[in-house]
Amino acid sequence: MVPLFIPGAPGGPELLLILVMLVFYVAIPIVVIVAIFNFLDGKRGYEQRIEQLEAHVEQLENERR
């Protein structure tokens, strides 16, 4: 028969503490990094769209002349 308890292995509270520490030290920084990247990428997208619109307006003004 296989024993349910292995001496020296972490139990329930220890595993819960390890999980909480993993969330604080790994998951939260990853979420913050992804949020910052998306925020900065959104700003770049607006700048690119404005440049495209300005080029299109310039093209239309040149056709009008």
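See the structure printed just above.
Here the structure is a predicted model, which means the values were calculated and not measured.

Conventions used here
Residues numbered from 1 in each chain as written. Predicted model: local features only at pLDDT ≥ 70, side-chain atom pairs only at ≥ 80, totals over all residues. Heavy atoms only, no water. Helix = DSSP H or I, 4+ residues; strand = E, 2+ residues; numbered from the N terminus. Rg over C-alpha atoms; globule rule 2.2 N^0.38 Å. Buried < 20%, exposed > 50% of the residue type's maximum accessible area, 1.4 Å probe, protein only. Areas by Shrake-Rupley, 256 points an atom, 1.4 Å probe, with all protein chains shown as cover. Expected span 1.5 Å × (residues − 1). Bend = angle between axes of the 7 residues up to and from the residue.

Chemist: Lay out the overall build of the chain with the relevant residues and their values.
Modeler: A count of helical and extended segments in the chain gives one helix and zero strands. Relative to the globule expectation of 11 Å for 65 residues, the C-alpha radius of gyration of the chain, 27 Å, shows a markedly less compact shape. If you line up the chain on its principal axes, its C-alpha atoms span 90 × 25 × 10 Å. When each of the 65 residues of the chain is scored for burial, the buried share is 0%. Just so you have it, the chain exposes about 6500 Å², and 69% of that area is on carbon and sulfur atoms.

Chemist: Which residues make up helix α1 (residues 12-64), and what values do they have?
Modeler: The end-to-end C-alpha distance of α1, which contains 53 residues, comes to 75 Å, matching closely the 78 Å that a straight helix rising 1.5 Å per residue would cover. Helix geometry: α1 is bent most strongly at V23, by close to 35°.

Chemist: An account of the environment of V31 is requested, with residue identities and associated values reported.
Modeler: Mapped onto the elements, V31 comes out in helix α1. The exposure class of V31 is exposed, given its relative accessible area of 56%. In this structure the C-alpha to C-alpha distance between V31 and Q59, which are 28 residues apart in sequence, comes to 42 Å.

Chemist: I'd like to hear about the environment of R64, residue by residue, with values.
Modeler: Assignment of secondary structure puts R64 in helix α1. The exposure class assigned to R64 is exposed, which follows from its relative accessible area of 75%. Separated by 36 residues in sequence, R64 and I28 place their C-alpha atoms 54 Å apart.

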